[in-house]
Amino acid sequence: MESLQRIDLVGFGSLLAQLQAEGYTLIGPRLEAGTIDYGAIEGPDDLPIGWRDEQSPGRYRTLPRNDRAHFGFNATPASFKTRLHRSEETVLEVQRGEQGELRFVPVIPAVKKQAWIGARSCELAALAIQDRVLKDSADPDPRYAARREGVFIVAVHCGQAGGTCFCTSMNAGPKAEGGFDLALTEILDGPEHHFVVETGSDAGAALLERIPHSQPTAADLRRAADAIEHARATMGRHLDTDGLKTALYAQAQHPGWEEVADRCLACGNCTAACPTCFCSSYEDQVELDGANARRTRHWDSCFNADFTHLAGGPVRASTPARYRQWLTHKLASWHDQFGTSGCVGCGRCITWCPVGIDITAEASRIRQANGEPPK
Amino acid sequence: MQTQDCMAPRTARIRSVTNELASGEVFTWTLEHTDGSALAGNPGQFNMLYAFGCGEVPVSISGRTPNGQLQHSIRTVGRVTDAMRTLTAGTEIGVRGPFGTAWPLDEAAGRDLVVVAGGLGLAPVRPLLQLAAADRIHCRKTLVCYGTRTPADRLYPDDLRRCAAHPRIEVRTTVDRGDTGWRGEVGVVPRLLLQGGFDPDHSIAVVCGPEIMMQFSVDALRQVGVADRWIYLSMERSMKCAVGLCGRCQWREHFICKDGPVYRLDQIADLLGISEL
Ligand SMILES: Cc1cc2nc3c(=O)[nH]c(=O)nc-3n(C[C@H](O)[C@H](O)[C@H](O)COP(=O)(O)OP(=O)(O)OC[C@H]3O[C@@H](n4cnc5c(N)ncnc54)[C@H](O)[C@@H]3O)c2cc1C
Ligand code: SF4
Ligand code: SF4
């Protein structure tokens with residue numbers, strides 16, 4: 001394919017430098033406090049070169065690799081969601097004049113250029129879902145939309161899968177199928193270490209023109225395909241989504257929800273880690289001067305008792321009801337609401353659940369067991 | 001940058017405050033925008049009302065004055081509504097809306113309109129009482145069935161009286177617990193429906209009140225032969241944004257703020273009985 005090019009490690013450095021020269025803040029993976037997570041980076045040296053992670057239900061650990069892979073790890077603890085749908089922000093300022101007259105001033109951030117380095121396919125699938133929910137709806141969130149506008153994406157196709165990954169089941173990877181400006185496949189084969197680059201937008205093509213690149217060899221292309229195939233073959237988990245929505249709807253009163261709720265702490269870690277969970281609370285506060293007030297938004301979770309609070313108490317008072325809501329929303333009702341799954345198979349909720357609850361296992365257990373007939 | 005922000009209210013002014021109950025627990029605001037224009041909105045829909053520094057809550061449209069000003073009735077149940085009770089006429093507030101689906105007034109044409117309400121559930125259907133009393137709904141007749149805990153909890157006595165005096169409106173009320181002066185019905189609202197007096201094959205029923213009361217009312221309506229397609233009800237859930245961003249009002253696939261609050265029963269019948277959904 002002609003759109004594929006090759007850049008070596010020097011070229012990769014130039015790519016990052018060029019983005020910076022064009023005014024982009026680089027956001028990429030960094031090794032920090034025992035995790036590989038996204039943050040501001042200045043160049044390739046800030047990447048977790050030669051590190052990998054090990055993930056399983058309720059367990060995460062970083063370990064050295066025996067090579068110098070730049071992207072030899074899997075899902076980060078926090079997703080790129082935190083960059084656009086901030087965990088907390090002011091949305092509105094209110095001023096009250098001397099006569100009690102009110103003025104409402106929306107708080108909308110200026111568009112800022114940020115380049116995401118190393119976004120994986122599941123991350124991009126999650127971004128497309130968040131776009132649908134927060135940007136392309138009838139009443140979009142202008143704060144999300146403003147931040148979204150400034151994003152340039154350098155994706156990385158996965159060359160290995162993590163222990164809790166199941167993107168193949170969710171049609172979300174391991175190869176990014178779009179939604180990027182450039183996409184890299186890291187080639188590591190003995191002394192060979194470079195990237196095959198795919199162009200996904202005019203902006204991406206223009207950038208590639210400005211950095212040293214060359215034609216990939218047939219061997220490069222084969223290695224790139226092999227790397228992605230290797231990720232596909234090492235997928236840690238699997239979820240059968242065929243007929244899942246119907247099954248979950250039908251099993252709303254299944255006793256299996258009680259069983260998982262016996263283990264679930266209703267801590268909300270899964271919703272915070274999930275790259276598509278968007279639920280929020282809005283709070284109004286008044287400043288001490290009594291003349292100014294503000295409205296803030298912060299992430300909420302369907303696991304919080306307050307989430308469904310009505311005058312008579314919470315609608316979902318019990319943990320089984322809250323877990324049912326979460327899993328059913330991710331895998332079933334999201335389809336009805338937004339025409340897509342709410343899950344991309346990144347595995348974060350499994351890794352970061354303190355008691356190791358596995359959404360793939362729970363979904364198949366609920367659908368398979370013979371439930372009581374609906375009451 | 002001038003961007004539309006669905007979270008930014010418009011200013012409105014409280015024209016007057018009316019106490020609806022002796023206890024002071026429910027009061028009605030008559031509102032207009034600060035530029036003097038009337039607030040938009042149809043019966044069944046709701047607005048997000050903001051009191052400076054206290055917060056914002058969803059409140060149904062509970063009627064219009066004869067000159068078209070919008071009214072909202074509010075029950076004091078917590079932090080924001082308690083603070084709202086202290087606001088006086090002339091106070092500026094914020095309004096976002098109107099939001100959600102409305103009662104299907106056009107569908108009442110040529111049918112018997114059965115209005116079923118429990119407690120504060122009379123507020124969202126009060127616009128229907130006002131319109132029916134003014135012959136502005138083209139239904140054959142109207143039956144109002146209203147239940148409260150005690151006689152002292154009954155809202156809008158003037159509207160109920162006006163309806164009762166209208167030749168084509170019948171008003172039935174009931175209480176859970178009577179007091180010494182009470183000579184009316186004692187019992188739950190669905191019992192009023194079982195007394196008949198409307199043509200179930202040519203009726204349209206609107207139901208509003210606590211969820212359990214709505215479920216039993218639906219049972220009674222079905223029992224007398226009203227089809228699900230002709231029953232409408234108004235759902236309530238926690239809401240912060242009213243535009244599908246906060247996620248709180250989800251009821252399986254529904255966002256009650258957008259897809260509701262008024263639903264036709266056949267669209268939600270499978271969800272209604274599932275507890276804690
Ligand atoms: C569609 C719709 C129509 C409605 N129509 C009417 C109507 O016509 N009339 C009417 O009276 N009511 C109506 N309600 C109900 C009304 O919105 C609630 O009674 C009101 O929101 C209660 O607010 P509150 O702050 O007074 O009560 P609270 O119970 O104190 O609070 C309610 C909300 O605030 C949050 N909250 C509570 N305490 C705190 C705290 N300390 N810090 C932060 N958050 C907190 C809760 O999570 C909850 O979301 C309607 C509701 C809906 C959804
Ligand atoms: S539900 Fe779990 S696996 Fe699916 S996208 Fe969210 S965090 Fe990832
Ligand atoms: S599933 Fe796990 S992470 Fe999610 S709320 Fe329950 S205990 Fe917390």
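Keep in mind that what you see is a predicted model, and the values were worked out from it rather than measured. (Residues numbered from 1 in each chain as written. Chains lettered and ligands numbered in written order. Predicted model: local features only at pLDDT ≥ 70, side-chain atom pairs only at ≥ 80, totals over all residues. Heavy atoms only, no water.)

Caption draft 1: Up close: the overall build of chain B. Helices and strands together make up the secondary structure of chain B, namely 7 helices and 16 strands. Computed over its C-alpha atoms, the radius of gyration of chain B comes to 18 Å, within 12% of the 19 Å expected for a compact globule of 277 residues. Projecting the C-alpha coordinates of chain B onto the three principal axes gives extents of approximately 60 × 45 × 35 Å. Every one of the 277 residues in chain B was classed for burial, and the buried ones make up 57%. As displayed, chain B has an accessible area near 11,000 Å², and 48% of this comes from carbon and sulfur atoms. Averaging the coordinates of the 30 positive side-chain charges in chain B and doing the same for the 30 negative ones gives two points 3 Å apart. (Helix = DSSP H or I, 4+ residues; strand = E, 2+ residues; numbered from the N terminus. Rg over C-alpha atoms; globule rule 2.2 N^0.38 Å. Buried < 20%, exposed > 50% of the residue type's maximum accessible area, 1.4 Å probe, protein only. Areas by Shrake-Rupley, 256 points an atom, 1.4 Å probe, with all protein chains shown as cover. Lys, Arg positive; Asp, Glu negative; His and termini not counted. Charge placed at Lys NZ, Arg CZ, Asp CG, Glu CD.)

Caption draft 2: Focus on helix α3 (residues 157–164) of chain B. All names here are of chain B. Those residues of α3 that sit buried are Asp159, Leu160 and Cys163. Buried residues in α3, looked at end-on, bunch into an arc of 100°, giving them a common side. Along α3, exposed side chains directed more than 90 degrees from the buried face belong to Arg161 and Arg162. Turning to α3, the residues buried within the fold contact α2 (122–133), β9 (141–148) and β10 (169–175). (Arc of directions from axis to C-beta. Contact = heavy atoms within 4.5 Å.)

Caption draft 3: Seen up close, the interface of chain A and chain B. Facing the 56 residues of chain A at the interface are 43 residues of chain B. At the boundary of chain A and chain B, one finds 3 salt bridges. Between Arg143 of chain A and Asp5 of chain B there is a salt bridge, and its shortest N-O distance comes to 2.8 Å. Taken together, the connections running from chain A to chain B amount to 18 residue pairs in polar contact (both at pLDDT 80 or more). The residue makeup of the side of chain A that touches chain B, split by class, is 27 nonpolar, 16 polar and 13 charged. (Salt bridge = Lys/Arg side-chain N within 4 Å of Asp/Glu carboxyl O. Polar contact = N/O pair within 3.5 Å; in protein donor to acceptor, adjacent residues only side chain to side chain. Nonpolar A, V, L, I, M, F, W, Y, C, P; charged D, E, K, R; others polar.)

Caption draft 4: Up close: the domain arrangement of chain B. All names here are of chain B. Looking at the assigned domains, one finds that chain B contains domain 1 (4–99) and domain 2 (105–270). Placing the centre of domain 1 and that of domain 2 at their C-alpha centroids yields a distance of 22 Å. Residue-level contacts link 22 residues of domain 1 with 23 residues of domain 2. Looking at the side of domain 1 facing domain 2, the largest losses of area belong to Leu21, Pro43 and Phe46, adding up to 24% of the total buried there. In this assembly, domain 1 and domain 2 are joined by 0 salt bridges. Summed over the shared surface of domain 1 and domain 2, the number is 5 residue pairs in polar contact (both at pLDDT 80 or more). For the side of domain 1 that touches domain 2, the secondary-structure elements that each account for two or more residues are β2 (26–33), β3 (46–51), β4 (55–60), β5 (63–64), β6 (70–75) and β7 (92–99). Of the residues assigned to the side of domain 1 that touches domain 2, the class counts are 10 nonpolar, 7 polar and 5 charged. (Domains from an automatic or database assignment. Buried area = accessible area lost by both parts, 1.4 Å probe.)

Caption draft 5: Inspection of the site of ligand 2 at higher detail. Residue and element names in this part refer to chain A. Surrounding ligand 2, one finds 13 residues, the nearest of these being Cys274, Cys343, Cys346, Gly347 and Cys349. Going through the elements one at a time, α10 (319–338) and α11 (348–351) are the ones with two or more residues in the shell around ligand 2. Looking at the shell around ligand 2 residue by residue, the classes come out as 9 nonpolar, 2 polar and 2 charged. (Near = heavy atom within 4 Å.)

Caption draft 6: Fine view of the environment of Tyr146 of chain B. Residue and element names in this part refer to chain B. Structurally, Tyr146 is set in strand β9. Taking C-alpha positions, Tyr146 is 27 Å from Val80, a pair spaced 66 residues apart along the chain. Among the polar contacts listed, one links the side chain of Tyr146 to the backbone nitrogen of Leu155, at a separation of 3.3 Å.

Caption draft 7: Representation of the site of ligand 1 in the model. Around ligand 1, the structure places 23 residues, and the nearest of them are His309 of chain A together with Pro58, Ser73, Arg75 and Thr81 of chain B. At ligand 1, the nearby residues belong to more than one chain, namely chains A and B. Within the contact set of ligand 1, an oxygen atom lies 2.4 Å away from a side-chain nitrogen or oxygen of Thr81 of chain B. Within the side chain of Ser238 of chain B, one N or O atom sits 3.4 Å away from an oxygen atom of ligand 1. Taken by itself ligand 1 offers 960 Å² of open surface, and the protein chains cover 81% of this. A per-class count over the shell around ligand 1 returns 9 nonpolar, 6 polar and 8 charged.

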